[in-house]
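What follows is the residue order along each chain.
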Amino acid sequence: MFYRVFAGVRFAEVDGPVLYVYAKDESIAAEIEEDFALVIADLATEILKQAIQVVVVLPKVFQ
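Conventions we followed
- Residues numbered from 1 in each chain as written.
- Predicted model: local features only at pLDDT ≥ 70, side-chain atom pairs only at ≥ 80, totals over all residues.
- Heavy atoms only, no water.
- Pairing = 2+ DSSP bridges.
- Helix = DSSP H or I, 4+ residues; strand = E, 2+ residues; numbered from the N terminus.
- Axes fitted to C-alpha atoms, helices over the stretch in contact; angles between N-to-C directions.
- Contact = heavy atoms within 4.5 Å.

Undergrad: For this particular structure, what's the right way to read the pairing of strand E1 (residues 10-15)?
TA: Residues in a regular strand point their side chains to alternate faces of the sheet. Where E1 and strand E2 (residues 18-23) come together, five bridges link them in antiparallel fashion. In the strand pairing of E2, Asp-15 is matched with Val-18. Following E1, the chain reverses through two residues before pairing antiparallel with E2; Gly-16 in that reversal takes a positive phi of roughly 65°.

Undergrad: So what exactly am I meant to see when it comes to the sheet that holds strand E3 (residues 54-59) here?
TA: Backbone-to-backbone hydrogen bonds pair the strands of a sheet. The strands run either parallel or antiparallel. Judged by pairing direction, the sheet is mixed, and its three strands sit side by side in the order E1-E2-E3 without closing on themselves. Two strands close off the open sheet at either side, each with one partner strand: E1 and E3. Sheet twist, expressed as the mean angle between neighbouring strand axes with direction ignored, is 25°. The strands that helix H2 (residues 26-48) touches are E1, E2 and E3; relative to E3, the one it contacts most, it runs at about 140°.

Undergrad: I tried to follow the environment of Val-18 on my own but got confused; where do I start?
TA: Topologically, Val-18 is positioned in strand E2. Along the sequence, Val-18 and Ala-51 sit 33 residues apart, while their C-alpha atoms lie 8.7 Å from each other. Those residues in contact with Val-18 that lie beyond four places of it in its chain are Glu-13, Val-54 and Val-56.

Remember, this is a structural readout, not a statement about activity or role.
In structure tokens, the structure reads:
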């Protein structure tokens, strides 16, 4: 499941406490935001050494 959901995902930009992520399509974006946003925020906070409080996942069409 993990590989299916995160295939083609791009972690694009940080704007203050917000991390923008682009996913393959709308359904994958919704699934990532619902099921993995908190984990992504925690990992990004550790990696970036900056507090990430919100993860916004958009389909690549909005890129």
